[in-house]
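Take a look at the letters that make up each chain.
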Amino acid sequence: NAGVTQTPKFQVLKTGQSMTLQCAQDMNHEYMSWYRQDPGMGLRLIHYSVGAGITDQGEVPNGYNVSRSTTEDFPLRLLSAAPSQTSVYFCASTLGAAGDSEQYFGPGTRLTVT
Amino acid sequence: DAKTTQPTSMDCAEGRAANLPCNHSTISGNEYVYWYRQIHSQGPQYIIHGLKNNETNEMASLIITEDRKSSTLILPHATLRDTAVYYCIVRTRGSQGNLIFGKGTKLSVKP
């Protein structure tokens, strides 16, 4: 198993550009989520999905869109990048949404918006 | 989910046990205590979790007080590779899998 994979590893955008961060998992996990981590801070939840076709907002959803058309993939779209979205983005997955199983995290995408 | 309080930083000598405390005085009966760590900006890594009994796995032990208001993560023989930020998270069963991260404890293992 590759686990949770994320692409790209690094990205530089100009203000106003859009892009999609990719996330995939090969563990047949129902639950997937996106977090962002700013310097010196813990992770904050952006969006999550409890299964294909179902998504919901987390703590900091503004400026981001998600969709979940398959179990494996959960892309995160930045609609119009802003410098405040400069951060490290982590995707995670877990077997179920019951809250009593471990989450597996990807290696992260480091995004800089100039 | 209940909030947690952890020390900002701790040091530990290589080969010694590292004991990382966490206070979660408002924890309720259906909330689990989880520990994750993050090594040098990599993705967080699951360590261990428990409800009320002490737990042990190949990485660590988790000791939860009888009143469940605090817990301690024990790394029995710390190595330099255990240097990381350790997060204690309280999570409700059925909470849609969401994790609420604080700032964690920066553990530095020194030779």
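Above this note sits the structure.
As a starting point, this report considers the structure included with it. No experiment lies behind these values; they were computed from the predicted model shown.

**Re the sheet that holds strand β1 (residues 4-7) of chain A**
Adjacent strands of a sheet form backbone hydrogen bonds with each other and so pair up, either parallel or antiparallel. Residues and elements named next belong to chain A. The strand order β1-β3-β8-β7 describes an open sheet built from four strands, whose pairing is antiparallel. Strands with a single pairing partner mark the edges of an open sheet, and in this sheet they are β1 and β7 (64-66). On average, adjacent strands in this sheet sit at an angle of 20° to one another, irrespective of strand direction. In this sheet, strand β8 (residues 76-78) lies alongside strand β3 (residues 19-25) in antiparallel orientation, the contact comprising three bridges. Pairing of Thr 20 across the sheet is with Arg 77, part of β8.

**Describing the pattern of salt bridges**
Where charged atoms from two side chains of opposite charge approach closely, those side chains can pair. Tallied over the entire structure, the rule returns three salt bridges over all chains. The partner of Arg36(A) in a salt bridge is Asp38(A), and the shortest N-O contact between them spans 2.8 Å. The pair formed by Arg36(A) and Asp38(A) is uniform in burial state, with each residue classed as buried. A salt bridge links Asp82(B) to Arg37(B), with the nearest nitrogen and oxygen atoms 2.8 Å apart. With Asp82(B) in the loop between β7 (70-75) and β8 (84-92) and Arg37(B) in strand β3 (residues 31-38), the pair connects residues that are 45 residues apart, well separated along the chain. Look at Asp82(B) and you get buried, because its relative accessible area is 13%.

**Observations regarding the environment of Glu30(A)**
Residue and element names in this part refer to chain A. Here Glu 30 shows up in the loop between β3 and β4 (31-37). Among the residues examined, Glu 30 registers a relative accessible area of 45% and is labelled partly exposed. Residues Glu 30 and Gly 40, spaced ten residues apart in sequence, show a C-alpha to C-alpha distance of 30 Å. Setting aside its immediate chain neighbours within four residues, Glu 30 contacts Ser 49, Val 50, Gly 51, Arg 68, Thr 94 and Leu 95.

**Focus on the pairing of strand β11 (residues 109-113) of chain A**
All names here are of chain A. Residue alternation in β11 divides its side chains into a buried set, Thr 109, Leu 111 and Val 113, and an unburied set, Arg 110 and Thr 112. Sheet topology places strand β9 (residues 87-94) next to β11; three bridges connect them, and they run antiparallel. Paired with Ser 87 across the bridge in β11 is Leu 111.

**A closer look at the nonpolar core**
Nonpolar side chains in soluble globular proteins tend to be buried together. Among the nonpolar cores identified, the biggest contains 21 residues, and Trp35(B), Leu73(B), Tyr86(B) and Leu107(B) are the most heavily contacted of them. Secondary structure elements with two or more residues in this core: β2 (18-23), β3, β4 (45-50), β6 (61-64), β7, β8 and β9 (105-110) of chain B. Ranked by residue count, the leading element in this core is β8(B), at four residues. Residue contacts for Leu107(B): discarding those within four places in its chain leaves Met10(B), Asp11(B), Cys12(B), Ala18(B), Leu20(B), Leu75(B), Asp82(B), Thr83(B), Ala84(B) and Tyr86(B). Within the second largest apolar cluster, 20 residues are counted, among which are Val60(A), Val66(A), Leu76(A) and Tyr89(A).

**Points about the state of the cysteines**
A covalent bond bridging the sulfur atoms of two cysteines is what the word disulfide describes. This structure, assessed with the given rule, holds two disulfides over all chains. What pairs with Cys23(A) in a disulfide is Cys91(A), and their sulfur atoms sit 1.8 Å apart. Here the S-S torsion is close to -70°, and the disulfide linking Cys23(A) with Cys91(A) is therefore left-handed. Here Cys23(A) is found in strand β3, whereas its partner Cys91(A) is found in strand β9, with 68 residues between them in sequence. Both residues of the pair, Cys23(A) and Cys91(A), count as buried. Between the sulfur of Cys22(B) and that of Cys88(B) lies a disulfide, 2.1 Å long from S to S. Taking the torsion about the S-S bond as the criterion, the Cys22(B) to Cys88(B) disulfide, at about -80°, is left-handed. Pair noted here: Cys22(B) is in strand β2 and Cys88(B) is in strand β8, with a separation of 66 residues, a long-range link. Across this residue pair, the class does not change: Cys22(B) and Cys88(B) are buried. Summary of cysteine pairing: Cys12(B) is not part of a disulfide, and the nearest cysteine sulfur, belonging to Cys22(B), is at 18 Å.

Conventions we followed
- Residues numbered from 1 in each chain as written.
- Chains lettered and ligands numbered in written order.
- Predicted model: local features only at pLDDT ≥ 70, side-chain atom pairs only at ≥ 80, totals over all residues.
- Heavy atoms only, no water.
- Pairing = 2+ DSSP bridges.
- Helix = DSSP H or I, 4+ residues; strand = E, 2+ residues; numbered from the N terminus.
- Axes fitted to C-alpha atoms, helices over the stretch in contact; angles between N-to-C directions.
- Salt bridge = Lys/Arg side-chain N within 4 Å of Asp/Glu carboxyl O.
- Buried < 20%, exposed > 50% of the residue type's maximum accessible area, 1.4 Å probe, protein only.
- Contact = heavy atoms within 4.5 Å.
- Core = buried A, V, L, I, M, F, W, Y, C linked by side-chain atoms within 4.5 Å.
- Disulfide = S-S within 2.5 Å.

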